[in-house]
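Letter by letter, the chains look like this.
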Amino acid sequence: MHMKVLKFGGTSVGSAERIRNVARLVTDAGRNVVVLSAMSGTTNTLVEISDYLHKKNIPGAQETLNSLRSKYDAVVEELYDNAEIAERVSHELERTFSFISHLMENEFTHAEEKEVLARGELMSTALMQGYLEQCGVRCGMLPALDYMRTAQGGEPDIRYITTHLRRMIDLEPDVDLWLTQGYICRNAYGEVNNLRRGGSDYSASIIGAVLNAEEIQIWTDIDGMHTGDPRFVENTRPVSNLHFEEAAELAYFGAKILHPTCVLPAKLHNIPVRLLNTMDPSAPGTLIANFPPDGTIKAVAAKDDITAIKIKSGRMLLAYGFLYKVFETFDKYNTAIDMMATSEVGVSVTVDNTEHLADIVDELKNFGTVTVESDMVIICVVGDLEWDDSSDFQARTLDALRGVPVRMISYGGSNYNISVLVRAADKVRALNMLNQHLF
Ligand code: ADP
Ligand code: ASP
Ligand code: MG
């Protein structure tokens, strides 16, 4: 279909002023599908309320809910001068607050928690729908809970989504734009669920893929993917082009601007993804597309909370059998390995999920001596890194890290990244040194 998908994150819709700003941007952009996150802070607040409810701390839940309500009351007050629309939107928002209040009376279930978490996106789209109406924009509503669905394994059910979403769009052809919620979905049993924290990017990418959109735009609070994480690194600058593999590596290894799952649907359907800044809409941002390799280092990302596990075998077992047993153990406990390094006598791997660590270590002790180090960070240098080109990226990366103890090094799994494992305490220093030397 000849349309774009425009996704706006939490900060981009975080206040009445920002909502007005987004309305201006989408009205000028054509007949597109607009995907919204919850207003910034809302999903966190809903998580907090759920936590109080699980702990049966009703006053805590009530107080947090009251402050959420006041925040939304103030936004309604500021956003609308049409009293009828203000009344209607207030009524819609009130459904959320009374729904949550009712939950305080009984046992709080995990299914109810999912329903609570879904309310953030339902509220932000209600606010936007009312505001667009006030501006005279004809806006078609596409309720995500009516088309966004995951299959048995938790993956998006693309067939279901395609038929339902396309039908809904065909039913409302005479509109200026369509509006929908990111993040929220139903599972294979039809129960309300979500695509995990930060998952609105994923929603946008899935929607873009099933509609075969021209482009997927991720609008956020920064002018594209930077060379490093600006929360920790000084003097970063935006990267103009990334190809899909580079973007996927950066997202997976911690560049928060993109949700890790978001790249795949766009890549499979070859739909360009553009990262843009709502605070500075004319900035070029970052274009992610099927670019040919250009032999440059693009950016550095870091993944926190990594645990390294070393298994040293007394015998020379690495020839065969040993690695198999090690991997089988991780597989048995559904624990993914991020990074690995081998030698004749042992292997080191890293994991970010430590839920089954004790069991895994216990079993690994059958094959060798096991050491565990926590509080580590994977630092991932990403770009077009052909091993035999002349850019010398391996030497430059290690040279930049002079003085920082490096626990593991990995390159060669793909031509897109070189990763090093360092102590969490050295993360900021290492990231700044890399940014200074590589860009
Ligand atoms: P949204 O609410 O719009 O989804 P996010 O907070 O999820 O926004 O993502 C944007 C944030 O990602 C930026 O404000 C920035 O702090 C952070 N970030 C981390 N790494 C990078 C990077 N390499 N480039 C740009 N932003 C990054
Ligand atoms: N509102 C959800 C969250 O805060 C989804 C998103 O913003 O992408 O995680
Ligand atoms: Mg995000």
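The residue numbering used here restarts from 1 in each chain and proceeds along that chain's sequence as written. Chain A is the first chain written and ligand 1 is the first ligand written, with later ones labelled in order. The predicted origin of the model limits local features to residues at a pLDDT of at least 70 and limits the giving and counting of side-chain atom pairs to 80 or more, whereas totals for whole chains, interfaces and linings rest on all residues. Hydrogens and water molecules were not included; the side-chain quantities draw on all heavy atoms of the structure.

Draft legend 1. Representation of the site of ligand 1 in the model. What surrounds ligand 1 is a group of 16 residues, the closest being Gly9, Thr220, Asp221, His226 and Lys256. In the model, an oxygen atom of ligand 1 is placed 2.8 Å from a nitrogen or oxygen of the Thr220 side chain. Polar contacts, as counted here, are pairs of nitrogen or oxygen atoms within 3.5 Å of one another; within protein the pair requires one atom able to donate a hydrogen and one able to accept it, and residues that are adjacent in sequence qualify only if both atoms are side-chain atoms. One nitrogen or oxygen atom from the side chain of Lys256 is found 2.8 Å from an oxygen atom belonging to ligand 1. Only the protein chains shown count as cover for residues, and the accessible areas themselves come from Shrake-Rupley with a 1.4 Å probe. For ligand 1, the accessible surface in isolation is 580 Å², of which the surrounding protein chains cover 86%. Just so you know the grouping, Ala, Val, Leu, Ile, Met, Phe, Trp, Tyr, Cys and Pro go in nonpolar, Asp, Glu, Lys and Arg go in charged, and all remaining residues, Gly too, go in polar. Of the residues belonging to the shell around ligand 1, the class tally is five nonpolar, six polar and five charged. We define proximity as follows: a residue is near a molecule or strand when any one of its heavy atoms falls within 4 Å of that partner.

Draft legend 2. Region of interest: the site of ligand 2. As a matter of local geometry, ligand 2 sits amid Ser37, Ala38, Thr43, Glu121, Tyr183, Arg197, Gly198, Gly199 and Ser200. Contact distances for ligand 2 include 3.4 Å between an oxygen atom and a backbone N or O atom of Gly199. Ser200 is positioned such that a nitrogen or oxygen atom in its backbone is 3.0 Å from an oxygen atom of ligand 2. Its free accessible area being 260 Å², ligand 2 has 86% of it covered by the protein chains. Residue composition of the shell around ligand 2, by class: two nonpolar, five polar and two charged.

Draft legend 3. Structural context of the sheet that holds strand 8 (residues 241–243). The mixed open sheet is built from eight strands, whose spatial order is 3-4-2-1-7-9-10-8. Of all strands in the sheet, those bounded by a partner on one side alone are strand 3 (139–142) and strand 8. Pairwise comparison of adjacent strand axes, ignoring direction, gives a mean angle of 20 degrees for this sheet. Two strands pair if DSSP finds at least two bridges between them. The helix and strand labels rest on DSSP assignments: H or I over at least four residues marks a helix, E over at least two residues marks a strand, and numbering proceeds from the N terminus. Of the strand pairs in this sheet, strand 7 (residues 215–220) and strand 9 (residues 273–277) are connected by five bridges, and their pairing is parallel. Across the sheet, residue Ile218 finds its bridge partner in strand 9, namely Leu275. With axes taken as lines fitted to C-alpha atoms, and helix axes fitted only over the stretch in contact, angles between N-to-C directions fall between 0 and 180 degrees.

Draft legend 4. Up close: unusual backbone geometry. Phi is positive for Tyr183, which is not a glycine, with a value near 75 degrees. Here Tyr183 lies in the loop between strand 4 (177–181) and strand 5 (184–186). At Asp392, a residue that is not glycine, the phi angle is positive and equals roughly 65 degrees. Within the secondary structure layout, Asp392 lies in the loop between strand 14 (369–383) and helix 12 (393–400). Any residue under 20% of the maximum accessible area for its type is buried, any over 50% is exposed, and the rest in between are partly exposed; the area is computed with a 1.4 Å probe on protein chains only. We classify Asp392 as partly exposed; its relative accessible area is 45%.

Draft legend 5. Structural detail: the side chain of Glu246. Along the chain, Glu246 turns up in helix 8 (residues 244–252). We classify Glu246 as buried; its relative accessible area is 0%. Residue contacts are defined here by distance: any two heavy atoms, one from each residue, within 4.5 Å place the two residues in contact. Those residues in contact with Glu246, other than ones at most four positions away along the chain, are Thr296, Lys298, Val382, Gly383, Asp384 and Tyr416.

Draft legend 6. Inspection of the side chain of Ser348 at higher detail. Within the secondary structure, Ser348 sits in strand 13 (residues 346–351). Side-chain polar atoms of Ser348 contact the side chain of Arg407, separated by 3.0 Å. Excluding its chain neighbours within four sequence positions, the residues that come into contact with Ser348 are Ile309, Lys310, Met339, Met340, Ala341, Arg407 and Met408.

Draft legend 7. Structural view of the environment of Ala283. As for its position among the elements, Ala283 is in the loop between strand 9 and strand 10 (286–289). With 90 residues separating them in the primary sequence, Ala283 and Asn193 have C-alpha atoms 35 Å apart. Discounting chain neighbours no more than four positions away, the residues touching Ala283 are Asp223 and Leu276.

Draft legend 8. How the structure looks around the packing of aromatic side chains. Only Phe, Tyr and Trp rings take part, Trp by its six-membered ring, and two of them pair if their centres are within 6.5 Å. Stacked means planes under 30 degrees apart, edge-to-face means over 60, and tilted covers everything else. Within this structure, the stated rule accounts for four aromatic pairs. Seen from the ring of Phe99, Arg119 lies directly overhead, with NZ or CZ sitting 4.3 Å from the centre. Placement of a positive charge over a ring is assigned whenever Lys NZ or Arg CZ falls within 6 Å of the ring centre and within 35 degrees of the normal to the ring plane.

Draft legend 9. Fine view of the packing of helix 2 (residues 42–54) against helix 5 (residues 110–134). Look at helix 2 against helix 5: their axes get within 9 Å of each other, and the N-to-C directions meet at 155 degrees. Looking at the two axes, helix 2 sits roughly antiparallel to helix 5. Once helix 2 is placed against helix 5, the crossing between them reads as right-handed. For the pair helix 2 and helix 5, contact is made by Thr42, Thr43, Leu46, Val47, Ser50 and His54 and by His110, Glu113, Val116, Leu117, Arg119, Gly120, Glu121 and Met123, respectively. In terms of residue class, the contact of helix 2 with helix 5 is made up of five nonpolar, six polar and three charged. Angles below 35 degrees are treated as roughly parallel, those above 145 as roughly antiparallel, those between 65 and 115 as roughly perpendicular, and all remaining angles as oblique. For a crossing to be left-handed, the near helix must be turned anticlockwise from the far one by less than a right angle; the clockwise case is right-handed.

Draft legend 10. Representation of the pairing of strand 12 (residues 339–342) within the structure. Pairing geometry for strand 12 and strand 13, over four bridges, is antiparallel. In the sheet register, Met340 faces strand 13, and the bridge partner there is Val349. Two successive antiparallel strands, strand 12 and strand 13, enclose a turn made up of three residues.

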